[in-house]
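Chain and residue survey
Spelled out, the chains give:
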Amino acid sequence: MKKLLSSILMVTGTTIGGGMVTLPAVIGIYSYYSAIGILIAVWMVNTMIALIFLEANCYLPAKTSLISMSRLLLGRYGAWLAWFFCLVFLYTIMCAYTTGMTEIISGFLEKNLLYIPTPYLSALSVIAISFPLYFGMSHVNLFNRTIVIAMFAAFFALILLISPHIELSNLLATPIHLPTMALPIVFTSFGFLIIIPSLRAFLDDNIRQLKISIVVGSFIPLVIYLLWVTVVMGAIPALGSNSLQSVLTQSEPIKNMTGLLSAHSESFEISFFMQLFILLAIASSFIGTSVGLYDFLADGLNISKNVRGKIKLLAFTFIPPLLITLTLNHLFITALGFAGLISIILFGLYPVMLAWSGRYIHKLNTHYRAAANRAVLLLIVIFSLAVIVIEILSLKISFIH
């Protein structure tokens, strides 16, 4: 039971990131009901994709990750593509987490008249995340549980502070449009597939508990997102000056969202709890992504997890993103815009391709098969392709601007 709870919180912590703060601005410029509808629909699709990915993983023994899956089910070229997409995506996200944690911690310290150079803060952030990983999943889960519980406390403090200022007219006044352009961001807000192979090994190949972890662990973020979107859209008008729309037109959306909520709620405590929540959300996602990358590299490079192997894996996991963050930050910011596109390819199309190959091409036996027939798999492919097209259009518009 303790392992199951830890796995659920690992999925939850990996899913919820600091970017959810601006989620109401992304989908809140449409109608409230369409915003709620798209969150629920995308959660259902992502949960099904996660179960399909679990099926693909079950074609191989536990402790194998995406590279072995791709090599068996998609061949050599499929494995090369998995290497490329995974490394680009995961290292880019790791850079984002390192930068985000460093900036928030630096801001806290500066308010207390303390200054630590950015490179040292970045290194300390990486060490703090990597330390429990060296000692194994039990330590990782203890660390993650503590952070996720503290994150929940900060979140509900925010909800209590903002709730008295909700106006029903704000929730009902928005024009009714389907938020199709928000699909890529909402899709990536439910991303956690990379840790499924790690959780399968942690749960000793208990598929029932793993399915519960996936469904419940991703449902908790859905509830959090629904609460957050409702409260923020109720407190801040969707359109006009000092609105959700204005957040997206400025260069620092999270900072602007915090300022708007503080102004509308007349509560300066919001700024503190917002920063605390973002820090903890980034840290929990950082942990989950690190575990996924760590096991991905162990599988792909065939490195055993003895003392020497762990040190190698930690170096390969954390040193490249740390160096990129410290030396090539301008290139990283450009690459970050493509991370969403890669995640849709990697965690939308790839699981279906893997499961389709295992089922219908190689006809492999497995002790778990997702409740998705050919029609469902094809619908997910169509959905993923549509999201990819929308993301490409969004990137093109951003580039033109």
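The following refers to the structure shown. (Residues numbered from 1 in each chain as written. Predicted model: local features only at pLDDT ≥ 70, side-chain atom pairs only at ≥ 80, totals over all residues. Heavy atoms only, no water.)

A few words now on helix 5 (residues 118–134). Compared with the 24 Å implied by 1.5 Å per residue over 17 residues, the 24 Å span of helix 5 between its first and last C-alpha is a close match. Within helix 5 the residues assigned to the buried category are L121, S122, S125, V126, I129, S130, P132 and L133. On its buried face, helix 5 sits against helix 4 (66–111), helix 6 (137–162), helix 13 (269–300) and helix 14 (307–327). Backbone geometry just downstream of helix 5 places G136 in the positive-phi region, at approximately 110°. (Helix = DSSP H or I, 4+ residues; strand = E, 2+ residues; numbered from the N terminus. Expected span 1.5 Å × (residues − 1). Buried < 20%, exposed > 50% of the residue type's maximum accessible area, 1.4 Å probe, protein only. Contact = heavy atoms within 4.5 Å.)

Attention shifts here to the packing of aromatic side chains. Across all of its chains, the model carries 17 aromatic pairs by this definition. Consider the rings of F89 and F347, whose centres lie 5.5 Å apart with planes at 75°: the pair is edge-to-face. Linking F89 in helix 4 with F347 in helix 15 (residues 329–361), this pair joins segments that are 258 residues apart in sequence. Accessibility expressed as a relative area gives 13% for F89, which makes it buried. (Phe/Tyr/Trp six-rings, centres within 6.5 Å; stacked < 30°, edge-to-face > 60°.)

So, about the layout of surface pockets. Estimates place the volume of the second largest pocket at around 410 Å³. Taken together, 20 residues line the second largest pocket, and the ones lying closest to its centre are K63, A201, Y294, D295 and K305. Within the lining of the second largest pocket, the residues separate by chemical class into 9 nonpolar, 6 polar and 5 charged. (1 Å grid on protein atoms, 1.4 Å probe; cavity = no way out; pocket = protein on both sides within 12 Å on 5 of 7 lines; lining within 4 Å. Points joined across faces, edges and corners; volume = space filled by probe spheres on them. Nonpolar A, V, L, I, M, F, W, Y, C, P; charged D, E, K, R; others polar.)

Another aspect to go through is the environment of S271. Topologically, S271 is positioned in helix 13. Take S271: its relative accessible area is 22%, and that puts it in the partly exposed class. Remark: the alpha-carbon pair of S271 and L261, spanning 10 residues in sequence, is separated by 8.4 Å. Excluding anything up to four places from it in sequence, S271 contacts K111, T258 and S262.

What follows deals with unusual backbone geometry. Positive phi values are uncommon outside glycine, yet K63 reaches one of about 75°. In this fold, K63 is placed in the loop between helix 3 (32–57) and helix 4. Of note, the phi angle at N302 is positive, near 55°, even though the residue is not glycine. Within the secondary structure, N302 sits in the loop between helix 13 and helix 14. Take N302: its relative accessible area is 72%, and that puts it in the exposed class.

This part takes up empty space enclosed by the protein. All chains considered together, the criterion is met by 1 cavity of 30 Å³ or more. As a volume, the largest cavity reaches approximately 30 Å³. In this structure, the largest cavity is lined by I129, P132, L133, V140, I287, S290 and V291. For the lining of the largest cavity, the secondary structure elements donating two or more residues are helix 5 and helix 13.

Everything listed is a geometric property; what it means functionally is a separate question.
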